[in-house]
Amino acid sequence: MEYVIEMLNIRKEFPGIVANDNVTLQVKKGEIHALLGENGAGKTTLMNVLFGLYQPEKGEIRVNGEPVKITNPNIANDLGIGMVHQHFMLVDPFTVTENIILGKEPSKAGKINLKDASKKVRELSERYHLSVDPDAKIKDISVGMQQRIEILKTLYRGAEILIFDEPTAVLTPQEIKELMMIMKSLVNEGKSIILITHKLKEIMEVCDRVTVMRKGVGIGTVNVSESDPNSLASLMVGRDVVFKTEKKEAAPADVVLDINGLSVKDARGIQAVNHLSLSVRAGEIVGIAGIDGNGQTELIEAITGLKKTISGSIKINGKEIQNLKPRKISESGVGHIPEDRHKHGLVLDYSIGENIVLQTYYQKPLSKSGVLNYSKIYDQARSIISEYDVRTPSEYTPARALSGGNQQKAIIGREVDRNPDLLIAAQPTRGLDVGAIEFIHKRLIEQRDNGKAVLLISFELDEILNVSDRVAVIYEGEIVAIVNPRETTEQELGLMMAGSKRMEAGGKSHG
Amino acid sequence: MVKKMSGLFIPVLSVVLGLLAGAIIMLVSGYNPIDAYSALLYGIFGDSYFLGEAIRTVTPYILAGLAVAFAFRTGLFNIGVEGQLIVGWLAAVWVGTTFELPMLIHLPLAILVGGLAGAVWAFIPGLLKAKFRVHEVIVSIMLNYTALHVTNYIISYVLTDKLDKTNNIFATATLRSPFLSGLTDGSRLHWGIIVAMICAIIMWFILEKTTTGFELKAVGFNQHASEYAGMNVNRNIMMSMVISGAFAGFAGAMEGLGTFGYASIKGGFTGIGFDGIAVALLGANTAIGVVLAAFLFGGLKAGALNIPVETPIPNEIVDIVIALIIFFVASSYFIRWILNRINKKGVK
């Protein structure tokens, strides 16, 4: 069997850590080959070695059987290796064509030949069923479409081997499906694909073979057809993983969060939350299921005081809190694991310790008469770091240097440690690997078992069904149904989320 | 090893490279660089008078550098330090010439009013940024010109009758001291250096040790996360500008109450506020760094005055040489990069 790419016994060190140790990856022509591993397992490092961004200390790379030295990305390009980055590298005000030819502009007498380029882009787009409009501006097209532009960019440069770096992290379920189709059609046209991911579902769906990495070490390569999600997960994590989190029956008590007739406008001034009513009781987890953009973000922002409400009331333990300052609300017993941990959750340039006291730094004993007591601050940070298994070199390490999963654990530690009566968890496991997901789900359930109220917002139906005691379906800013997760299916929820099915019990809150 | 050393090694190397580049310029123009540099050194350390003058030059640089650095650390670019310095200067002199008070009250009052004036001047861009998201760079640049012309008007039409400078301040408001002057052979050295050092400590304390500093820096790094964490973003933006402006106002007060003892009509900017940007960058926006950078900057400026006196080298060449040294120091990032390259090669 012929391999298009062979990375043999690669070793890559960074000061203090070995990011790749004796990793071997062999990709056959015309296959979709998954590279599976937890956050921080060294997948991206390995791909950066292949793409010429890093030089390995040891090991050999072969392309089509020939040993090669890839010292910079241009060489990788020339060898037909293209990378579809997780964070798109596109110029917003430029058109699709302009972005694709950027850096490789076809020119005639110093003038860019946009017409030919646009024609070539259109041809490529048709050949791979990408349905891209070459003349649209990037800022006007959806995220899924932008990703296709990134794919086209590599194809335009003649890529035969495409590396996808966690491509589905930013996509909606529908877009994910379309991407899978595109990947299959690329392979049918003779391209080879390396898919970096930690999502087992995607691997089972499209990949032929999978190479598993754990803590920088190559664990091995298996055929997907001879494998199943459970065995892959345990290969990746190094122990058995429980997908279905064990939990006791909920024992709901008094109402903690009581929302009545709430309306909120979004940033563009359009009403995003529409007369919404919902309640969450102590000792239960209420999951909000819905497609992105149906008012979830605005709902959370209204509860936490980040956004003003137009009408309606929000009560915590019977006390109205709508339109109070975020600090007042947080002091009333609301904890919030924010949707976007980089934007809202962390000050990335602050140490992890400073981030752990981000809401409490002004309270005793962390500070006194306006002067911080850093030894107390770092004491507290250390205890949260160890209790929540945040893997960091020290409490003084900048938050930026931690992996996504560990950043999230620190946030969860910070919020849960304040012991809030209501914990709002928005997309708490987005972008995390199975090990971290399991950990976070356990913590949410633990919080519930301690008699606290938990409001979970997630786009992952698995997560909603798995963790929640009650599921509220949100559609166009309204709660259209409240269902028992044990008495519903993903299909039924999907229909309700799309607005095509309403339950009579809907509008009113208590289930 | 190199990493540990590089904190001091790189700035020193930068200075040496700057001196070499300056030497080449002088050689090409037909002057003797050794004479020039010995005159420069003599102009700083040669006798106590020169040393006193050098320290006096350093004083406003420290404060202007602190003003820029403080804003920088909290995510703002206060390019209006020059204007804040000018209003601080005039306000301090106004107190110094208008009131008759015992020194124990008069001098601190004059300094504080100078700082207050700078703070008020910086509050304007802070307010506009906080309320309307107007960029502070634009507003503070415009306010530099406003400060220049408004103070000129006040000096000739309000404080005096069409004169081009105010009265001298009363002796109870002066920072000058016969003791310091006597110690340094009659230089204009004044107590301002102590004020500047205290301000450096204050900046360090606010930023590193207080909840206020914690909030200010957090807002500078990430407004969204700060708001999420319950901090008042707008108040912090204004607070940052006010503190920064106060440092700038103090710098003006040092000139008004120490070096000159009066305020005069200015044909253009003093340049100290703008040089403060370079000082802050050179000092990596930390209090201690700003103090060291101000000493380098002020020392070079003061010492350079001696070059045309002792050698035939014209002022213009001296300016070029000084600019080159500063250029090399400011490009220490580039030098660090080259050193890293060399090291890497060495390891392989």
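Since this is a predicted model, take the numbers as computed values, not measurements.

Calculation criteria
Here the residue numbering is sequential within each chain, running from 1 through the sequence in written order. Chain letters start at A and ligand numbers start at 1, both assigned in the order the entries are written. Given that this is a predicted model, residues contribute local features only at a pLDDT of at least 70 and side-chain atom pairs are listed and counted only at 80 or more, while totals for whole chains, interfaces and linings are drawn from all residues. Numbering goes from the N terminus for both helices and strands, where a helix is a DSSP run of H or I of at least four residues and a strand is a run of E of at least two. Taken over C-alpha atoms, the radius of gyration is set against a globule rule of 2.2 Å times the number of residues to the power 0.38. Note on burial: count the other C-beta atoms lying within 10 Å of the residue's C-beta; 20 or more is buried, 12 or fewer is exposed, in between is partly exposed, and C-beta positions come from the backbone. Two residues form a contact once the distance between their C-beta atoms, set from the backbone, is within 7 Å. UniProt positions are given in the numbering used here, feature names are shortened, and annotations may be inferred rather than shown by experiment. Any two strands between which DSSP finds at least two bridges are classified as paired. Residue polarity is assigned by list, with Asp, Glu, Lys and Arg as charged and Ala, Val, Leu, Ile, Met, Phe, Trp, Tyr, Cys and Pro as nonpolar; anything else, Gly included, falls into the polar class. Domain start and stop positions are those given by an automatic or database domain assignment. The pLDDT value expresses, per residue, how confident the predictor is, ranging between 0 and 100.

## Some words on the overall build of chain A
In step 1: What chain A contains, in helices and strands, is 17 helices and 24 strands.
In step 2: For 511 residues, the compact-globule estimate of 2.2 N^0.38 gives 24 Å, and chain A sits close to it at 25 Å.
In step 3: Considered along the principal axes of its C-alpha atoms, chain A spans approximately 70 × 50 × 50 Å.
In step 4: In chain A, buried positions account for 47% of the 511 residues.
In step 5: Look at the contacts in chain A between residues 6 or more apart in sequence, and 68% of them connect residues 24 or more apart.

## A short note on the UniProt feature "transmembrane region" (unreviewed entry) in chain B
All names here are of chain B.
In step 1: Under the local residue numbering, the UniProt record ascribes the feature "transmembrane region" (unreviewed entry) to residues 7-29, 49-72, 79-97, 103-124, 189-207, 237-265, 277-297 and 317-339.
In step 2: In the segment residues 189-207, helix accounts for 84% and strand for 0%; the C-alpha atoms at its two ends are 30 Å apart.
In step 3: Summarising residues 277-297: 81% helix, 0% strand, and an end-to-end C-alpha distance of 11 Å.

## Remarks on the pairing of strand β15 (residues 285-289) of chain A
All names here are of chain A.
In step 1: With respect to burial, β15 is a largely interior element, five of its five residues being buried.
In step 2: Residues Ile285, Gly287 and Ala289 line one face of β15 and the alternating positions Val286 and Ile288 line the opposite face, and both faces are buried.
In step 3: The pairing of β15 with strand β22 (residues 453-458) spans five bridges and is parallel. Residue pairing for β22: Ala289 is matched across the bridge by Ser458.

## With respect to the interface of chain B and chain A
By a widespread convention, an interface's size corresponds to the accessible area lost as its parts come together.
In step 1: With 14 residues of chain B at the contact, the number on the chain A side is 22 residues.
In step 2: When residues of the side of chain B that touches chain A are traced back to their parent elements, those giving at least two are α9 (211-221) and α10 (223-228) of chain B.
In step 3: A per-element tally of the side of chain B that touches chain A places α9(B) first, with five residues.
In step 4: Partitioning the side of chain B that touches chain A into residue classes produces six nonpolar, six polar and two charged.

## Describing the domain arrangement of chain A
Residue and element names in this part refer to chain A.
In step 1: Segmenting chain A into domains produces domain 1 (3-237) and domain 2 (250-333 + 420-511).
In step 2: A separation of 36 Å is found between the C-alpha centroids of domain 1 and domain 2.
In step 3: Contacts between the two partners involve seven residues from domain 1, matched on the other side by six residues from domain 2.
In step 4: For the side of domain 1 that touches domain 2, the class distribution of residues is three nonpolar, three polar and one charged.

## Overview of the confidence of the model for chain A
Residue and element names in this part refer to chain A.
In step 1: Across chain A, the average pLDDT comes to 88, with 97% of residues at or above 70.
In step 2: When mean pLDDT is compared element by element in chain A, helix α12 (residues 352-356) scores highest at 96, while strand β7 (residues 107-108) scores lowest at 76.
In step 3: Within the model, pLDDT remains below 50 along residues 504-511, and this stretch shows 15 contacts once partners closer than five positions in the same chain are excluded.

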